[in-house]
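Residues per chain are reported as follows:
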Amino acid sequence: MASTRRMRAFKRWMKCQSIEYSDALDLVIQQEDLQIWVKALCDLHDGDLIATIPKHSCLTVKSSAACPLIQDFCLEGYMALSVALMYEKSLGQRSPWFGYLQLLPDCNPEVPLLWSIDEIDQLLLGTELHKTVKEDKALVYKDWKACIVPFVESAPIKLDPNDFGVEQYFAAKSLISSRSFQIDEHYGFGMVPLADLFNHKTDAEDVHFTSVSSHSESDDDTDENMENQVDNDLDGDLLRQNESDIASPKRSFSADGACSPTTEILEMILVRDVKAGAEVFNTYGSMGNAALLHRYGFTEPDNPYDIVNIDLELVLQWSSSQFSSRYTRSRLSLWRRLYHPELSSLQTEYFEISYDGEPEVELLKLIFIMLLPEKTYNEFYLAVSTAQNSDKSITVISNKERIILGEVSEWNKKVLLTEGVRGALLSLADSREICYGLRSMEEDVEALEKCPVREKKLHHSLVLRISERRILEKLRTYASAKK
């Protein structure tokens, strides 16, 4: 089979690049969808070194032959790496990474960035991603037209525009989004062969990345950097390569002139035991399903990091239905001053509802201020103005209770939950629920149960919708609970 041949070619390429992995690991291709996962062939143990990856074998801006072109055009971040990836793919078998690239899919179709507008509107309606993904698509297209097209036209060497078209750019972005890692300060971020074959599991990773440098007396632990989180900008100046560097990744030479890889490597070390036959997992970080789907194209059931956001606009709509616009604006302005006095004009756009259905305290404060009786509000306004230039907490007396709004604590949160605030939370939960359209959550659950495995877009969008709607149910329970 073609997939088996590509895997054999990839393994030969890894050997040439001095990428090594344990004989106790097997790289398995699922023939039904060509997805790859890493299997333990025997029992593995905490502390085992299971793979080493030279940093020069990673596809980064600095290691790519396109580096001089990218530097001259002042491209940075995701855009720069996208160009490097498109350039190396355009070289075909002439690329030093051909053995790696031929194993990768052309794109990651599950990443919503590649979905059509109709799919986004139908599948993501009401979710945290609906608006975000549509904005992403518009911005990526704008970047391509404003930067990638001029880059191709002005390059000192002839580049085929078809290799850098808008579809190719979107495809490159989807691969980088789902497969790139932060490597180190020198290389920045890039594609890390072998490492990107380990699938994600929230809070249950088996393997840990460590960066080892020959320029340091001790290991440089990059756990924070290697959680597959990419900076927007590359650190340091871009490295130029001369013509002799174009055909191969960066290498160093020993005293006798023999070519040898640089000693800077990435190590993959087990952080817990793995039984024979089990999959070996990495983690991409502690992310809810919206973030996982947005960047990687998948979701997890019962993800403890799921959240739902209540937009500020939704709160203002609720307030305007109860009070005048002037009333709403006045109390919003006061809340902003209380929220962050030195940034009183801050436009906070949303409030987070946790997996357990608990709203962040700032939402409770805002609703509480909105509902203060006029006399109490005026006294509170004066207290805020007086305390603006001091470190004192701001207090207010309401319903014979002394409330310290300048502090955040569990006690304070409970006191803020007046009957009026609870009622407002219930109204906001209902308003947020309407965003999902006419289909009930029960219908979503039924649709998920009947969803074919191959319908990944539908499956993951339903998991996201259901997880968010369950949080809204928990918010209702939270708001309805007695003190």
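Residues numbered from 1 in each chain as written. Predicted model: local features only at pLDDT ≥ 70, side-chain atom pairs only at ≥ 80, totals over all residues. Heavy atoms only, no water.

Quick word on the overall build of the protein
Piece 1. Secondary structure assignment for the protein yields 16 helices and 15 strands.
Piece 2. Residues counted as buried form 49% of the 483 residues belonging to the protein.
Piece 3. Looking at the protein alone, contacts between residues at least 24 apart form 73% of all its contacts between residues at least 6 apart.
Piece 4. Summing over all exposed atoms, the protein offers an accessible surface of approximately 23,900 Å²; the carbon and sulfur share of this is 50%. (Helix = DSSP H or I, 4+ residues; strand = E, 2+ residues; numbered from the N terminus. Buried < 20%, exposed > 50% of the residue type's maximum accessible area, 1.4 Å probe, protein only. Contact = heavy atoms within 4.5 Å. Areas by Shrake-Rupley, 256 points an atom, 1.4 Å probe, with all protein chains shown as cover.)

Focus: the nonpolar core
Piece 1. Ranked by internal contacts, the top residues of the largest apolar core, which has 70 residues, are Phe 10, Ile 53, Leu 194, Phe 198, Met 268 and Val 280.
Piece 2. A total of eight residues in this core trace back to one element, the largest contributor, which is helix α3 (residues 77–90).
Piece 3. Not counting chain neighbours up to four residues away, the residues in contact with Ile 53 comprise Ile 19, Cys 58, Val 192, Pro 193, Leu 194, Ala 195, Ile 265, Leu 266 and Met 268.
Piece 4. Core analysis: the next-biggest nonpolar cluster, separate from the first, contains 38 residues, Leu 314, Phe 351, Phe 368 and Val 421 among them. (Core = buried A, V, L, I, M, F, W, Y, C linked by side-chain atoms within 4.5 Å.)

Quick notes on the packing of aromatic side chains
Piece 1. As enumerated under the stated definition, the model contains 13 aromatic pairs in all.
Piece 2. Here Tyr 284 and Tyr 296 contribute two aromatic rings whose centre-to-centre distance is 4.6 Å and whose plane-to-plane angle is 40°, an arrangement assigned as tilted. With Tyr 284 in the loop between β11 (265–270) and α8 (289–296) and Tyr 296 in helix α8, this residue pair connects regions lying 12 residues apart in the sequence. Across the pair, exposure class does not vary: Tyr 284 and Tyr 296 are buried alike.
Piece 3. Between Trp 335 and Phe 351, the ring centres sit 5.7 Å apart and the planes meet at 65°, which makes this aromatic pair edge-to-face. A residue pair is termed long-range when its members are at least 10 positions apart, and Trp 335 in helix α10 (residues 325–339) and Phe 351 in strand β13 (residues 350–353) qualify at 16 residues.
Piece 4. Given a relative accessible area of 0%, Trp 335 falls into the buried group.
Piece 5. Phe 351 sits in the buried class, given a relative accessible area of 0%.
Piece 6. Linked through ring pairs, Phe 10, Trp 13 and Tyr 100 together constitute an aromatic cluster.
Piece 7. Stacked on the ring of Tyr 377, the Lys or Arg Arg 331 has its end atom at 3.9 Å from the ring centre. (Phe/Tyr/Trp six-rings, centres within 6.5 Å; stacked < 30°, edge-to-face > 60°. Lys NZ or Arg CZ within 6 Å of the ring centre and 35° of its normal.)

Some points on the sheet that holds strand β7 (residues 188–191)
Piece 1. Overall, antiparallel pairing links the three strands, which are arranged β5-β7-β6 in an open sheet. The open sheet has two free edges, formed respectively by β5 (59–60) and β6 (180–184), since each of these has just one partner strand.
Piece 2. Across two bridges, the pairing between β5 and β7 is antiparallel. Bridge pairing links Leu 59 to Met 191 in β7. (Pairing = 2+ DSSP bridges.)

Here's the deal with the side chain of Glu 279
Piece 1. Relative to the elements of secondary structure, Glu 279 occurs in the loop between β11 and α8.
Piece 2. The side chain of Glu 279 is buried and forms no salt bridge, while Lys 201, the nearest opposite charge, is found at 7.8 Å.
Piece 3. Of note is the side chain of Glu 279, whose polar atom sits 2.8 Å from the side chain of Asn 199.
Piece 4. Ignoring anything within four residues of it in the chain, the contact list for Glu 279 reads Trp 37, Val 38, Asn 199, Asp 206 and Val 274. (Lys, Arg positive; Asp, Glu negative; His and termini not counted. Salt bridge = Lys/Arg side-chain N within 4 Å of Asp/Glu carboxyl O. Polar contact = N/O pair within 3.5 Å; in protein donor to acceptor, adjacent residues only side chain to side chain.)

Section: the packing of helix α15 (residues 441–450) against helix α16 (residues 456–480)
Piece 1. Across the interface, α15 lies against α16 with an axial gap of 10 Å and an inter-helix angle of 145°. Every pair of crossing elements has a handedness; the one defined by α15 and α16 is left-handed. Residues Met 441, Asp 444, Val 445, Ala 447 and Leu 448 of α15 form the contact with α16, whose own contacting residues are His 459, Leu 462, Val 463, Arg 465, Ile 466, Arg 469, Arg 470 and Glu 473.
Piece 2. Its residues assigned to classes, the contact of α15 with α16 shows seven nonpolar, one polar and five charged. (Axes fitted to C-alpha atoms, helices over the stretch in contact; angles between N-to-C directions. Left-handed = near helix turned anticlockwise from the far one by under 90°. Nonpolar A, V, L, I, M, F, W, Y, C, P; charged D, E, K, R; others polar.)

Structural notes on the confidence of the model for the protein
Piece 1. For the protein, per-residue confidence averages 84 on the pLDDT scale, and 81% of positions sit at 70 or higher.
Piece 2. In this model residues 214–262 is a low-confidence stretch, pLDDT under 50, and it forms 100 contacts with partners more than four residues away in sequence or in other chains. (pLDDT = per-residue confidence, 0-100.)

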